[in-house]
Amino acid sequence: MVVSRPLSDAEIDRVFHSLADATRRDIVARVLAGEQASISALAARYEMSFAAVQKHVAVLEGAGLVTKQAQGRERIVRGNPERIARARELLVELEDLWKARFSQLDALFSDTRSQE
Amino acid sequence: MPITSVSSDASALTLTVVGDYPVPVERLWEAYADPRQLERFWGPETWPATFTRHDMEVGGRSEYYMTGPDGTTSRGWWRFVAVEPPRRIEVEDGFAHEDGRPNDDMPTMRMVFTFEPTATGSRFTGVSHFSSLEAMEQLVQMGMVEGMKSALGQLDGVLAEPAPLAAERAG
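Keep in mind that what you see is a predicted model, and the values were worked out from it rather than measured.

A. Fine view of the sheet that holds strand 1 (residues 37-38) of chain A. All names here are of chain A. The strand order across the open sheet built from 3 strands is 1-3-2, with neighbouring strands paired in antiparallel fashion. Of all strands in the sheet, those with a lone pairing partner are strand 1 and strand 2 (66-71), marking the two edges. Note: strand 2 against strand 3 (residues 74-79), 6 bridges, orientation antiparallel. Across the sheet, valine 66 pairs through a bridge with glycine 79, a residue of strand 3. Strand contacts of helix 2 (residues 22-32): strand 2 and strand 3, with the helix running at about 85 degrees to strand 3, the strand carrying the most contacts.

B. Structural view of the nonpolar core. Counting 40 residues, the largest nonpolar core has Trp98 of chain A together with Tyr32, Trp42, Trp78, Phe113 and Phe124 of chain B as the members making the most contacts within it. Element by element, the count of residues in this core is highest for helix 5 (residues 81-115) of chain A, at 8 residues. Here tyrosine 32 of chain B is in contact with Trp98 and Leu105 of chain A together with Leu38, Phe41, Trp42, His54, Met56, Ile89, Phe113, Phe115 and Phe124 of chain B, once residues within four sequence places are set aside. Within the second largest apolar cluster, 16 residues are counted, among which are Leu19, Ala37, Val57 and Ala63 of chain A.

C. Here's a closer look at the environment of alanine 41 of chain A. All names here are of chain A. Here alanine 41 shows up in helix 3 (residues 39-46). Alanine 41 gets classed as partly exposed once you look at its relative accessible area, which sits at 40%. C-alpha separation for the pair alanine 41 and glutamate 74, spaced 33 residues apart in sequence, amounts to 9.8 Å.

D. Geometry of the packing of helix 2 of chain A against helix 3 of chain A. Residue and element names in this part refer to chain A. In contact at an axis separation of 12 Å, helix 2 and helix 3 are set at 125 degrees when each is read in the N-to-C sense. Taken together, the axis directions place helix 2 and helix 3 in an arrangement best described as oblique. Considering the relative orientation of helix 2 and helix 3, their crossing is right-handed. Taken together, the residues of helix 3 that come into contact with helix 2 (itself represented by Thr23, Asp26, Ile27 and Arg30) are Leu42, Arg45 and Tyr46. Here the residues of the contact of helix 2 with helix 3 are counted per class, giving 3 nonpolar, 1 polar and 3 charged.

E. Just the packing of aromatic side chains, in detail. Tallying each qualifying case throughout the model produces 21 aromatic pairs over all chains. Plain terms: the ring middles of tyrosine 32 of chain B and phenylalanine 113 of chain B are 5.4 Å apart, the flat faces sit at 50 degrees to each other, and that makes the pair tilted. Taken as a pair, tyrosine 32 of chain B in helix 1 (residues 25-33) and phenylalanine 113 of chain B in strand 7 (residues 109-118) lie far apart in primary sequence, 81 residues in all. Overall, the relative accessible area of 1% leaves phenylalanine 113 of chain B in the buried class. Aromatic pair phenylalanine 113 of chain B and phenylalanine 124 of chain B: ring centres 5.3 Å apart, planes at 45 degrees, arrangement tilted. Taken together, the positions of phenylalanine 113 of chain B in strand 7 and phenylalanine 124 of chain B in strand 8 (residues 121-130) put the pair 11 residues apart, joining distant regions of the chain. There is no split in this pair, since phenylalanine 113 of chain B and phenylalanine 124 of chain B are both buried. When the ring centre of tryptophan 42 of chain B is taken as origin, the NZ or CZ atom of arginine 101 of chain A, which lies over that ring, is 3.4 Å away.

About the criteria used
Residues numbered from 1 in each chain as written. Chains lettered and ligands numbered in written order. Predicted model: local features only at pLDDT ≥ 70, side-chain atom pairs only at ≥ 80, totals over all residues. Heavy atoms only, no water. Pairing = 2+ DSSP bridges. Helix = DSSP H or I, 4+ residues; strand = E, 2+ residues; numbered from the N terminus. Contact = heavy atoms within 4.5 Å. Axes fitted to C-alpha atoms, helices over the stretch in contact; angles between N-to-C directions. Core = buried A, V, L, I, M, F, W, Y, C linked by side-chain atoms within 4.5 Å. Buried < 20%, exposed > 50% of the residue type's maximum accessible area, 1.4 Å probe, protein only. Parallel < 35°, antiparallel > 145°, perpendicular 65-115°, else oblique. Left-handed = near helix turned anticlockwise from the far one by under 90°. Nonpolar A, V, L, I, M, F, W, Y, C, P; charged D, E, K, R; others polar. Phe/Tyr/Trp six-rings, centres within 6.5 Å; stacked < 30°, edge-to-face > 60°. Lys NZ or Arg CZ within 6 Å of the ring centre and 35° of its normal.

Shown next, in the form of structure tokens:
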């Protein structure tokens, strides 16, 4: 069951603070898609300073959404799909609850009509 | 069965559900406005909901609990932010202590329900806004997961024979 390994509250706050920024979401989307990006390559893509991108990556790293690995003189950013998957899993649980509500509401209407 | 679409956005923390029903929009609204009807579908079959209060007016509150298979209860409340019959309801939804007092240590979420007439009946759209992943975690942890799974397991039967099952539940 997916609730067996919940993140701590502090971890969760970091995940969602990280994802509140469009640049950071884009970085996450790219690295989750398999793109291995160095910080300097990302800086070129977003037309922002190396320091600014480095700061975004540090926030994402703090939330566990990405990892950084040294490769020669470069720092390569890789995605951590588990954290994103966790948010998605929770939404699926809640989707299932709504599906159950809808089928029960439909049953209620069918029941009402059959009594008329 | 209602044509149902469910979509969620993990990065925006919203969940949108849409259901179409072969009943007039006033009838659909009534199912949410009448606590005796609401409690027949709000909780999963193994965690039925009981509404002990349902003051559906702006600033009004609802209080409810859900009872699990082993008798444990999970309590919650709604605070009505907007009530526009028969078109729109907006509530803040939170957890409550055993005595029904709101539990301020727990996260809340906002739900917006809209009701509209369609060519074949009516359409319900529910959008849930979560303040954080923590809010979602706690909803799932409040004993609802097992109930949802079991409700889903019975889904096929409910859809195949909606009226007899509903009558049985109404007992």
